[in-house]
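Summary of structural features
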Amino acid sequence: MRPIVVDFLGTLFITFCIGVATALVLGACVVLMAAEARGATQPRETRSEIAELALTHNLVTKYTSLIAIDRTPARPAAATR
């Protein structure tokens, strides 16, 4: 009977620890997302580095955007109006 009680208490303790760890991680995520929602900005130098890297590699970021232009003719060149 004693090993069953010890196993139960061990399982209960591990479950509790997992729950606490999950709560801490979720709390950290909420704090980080709240800081971003409040408009916590990065220094101007960091923003310019992000923009330069994004434009070099054709990436869309929070500070850059790209426009796609289709240069395919709408109709063949030999077509008449």
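Please read all numbers here as calculations on a predicted model, not as lab measurements.

Quick notes on the overall build of the chain
Looking only at helices and strands, one finds two helices and zero strands in the chain. Across the 81 residues in the chain, those meeting the buried criterion constitute 4%. Counting only carbon and sulfur atoms, one obtains 67% of the accessible surface of the chain, whose full area is about 7700 Å².

Remarks on a nonpolar patch on the surface
On the surface, a cluster of nonpolar side chains totalling about 650 Å² of accessible area is made up of Phe13, Ile14, Phe16, Ile18, Val20 and Leu24. Its location among the elements puts Ile14 in helix α1 (residues 2–37).

Parameters and conventions
- Here the residue numbers are simple positions, counted from 1 along each chain's written sequence.
- The model is predicted, so local features are restricted to residues of pLDDT at least 70 and side-chain atom pairs to those at 80 or more, both for listing and for counting; the totals for chains, interfaces and linings are taken over all residues.
- Note: side-chain values were computed over all heavy atoms of the structure, leaving out hydrogens and water.
- Helical segments are the DSSP runs of H or I of at least four residues, strand segments are the runs of E of at least two, and each set is numbered from the N terminus.
- Between buried and exposed lies partly exposed: a residue is buried under 20% and exposed over 50% of the maximum accessible area for its type, with that area taken using a 1.4 Å probe on protein chains only.
- Using the Shrake-Rupley algorithm and a 1.4 Å probe, accessible areas are obtained, with residue cover drawn only from the displayed protein chains.
- Like-charged residues are merged into a patch within 9 Å and nonpolar side chains (Val, Leu, Ile, Met, Phe, Trp, Tyr) within 5 Å, provided each residue has over 30% relative accessible area and no salt bridge.
- Any carboxyl oxygen of Asp or Glu that lies within 4 Å of a side-chain nitrogen of Lys or Arg is treated as forming a salt bridge with it.

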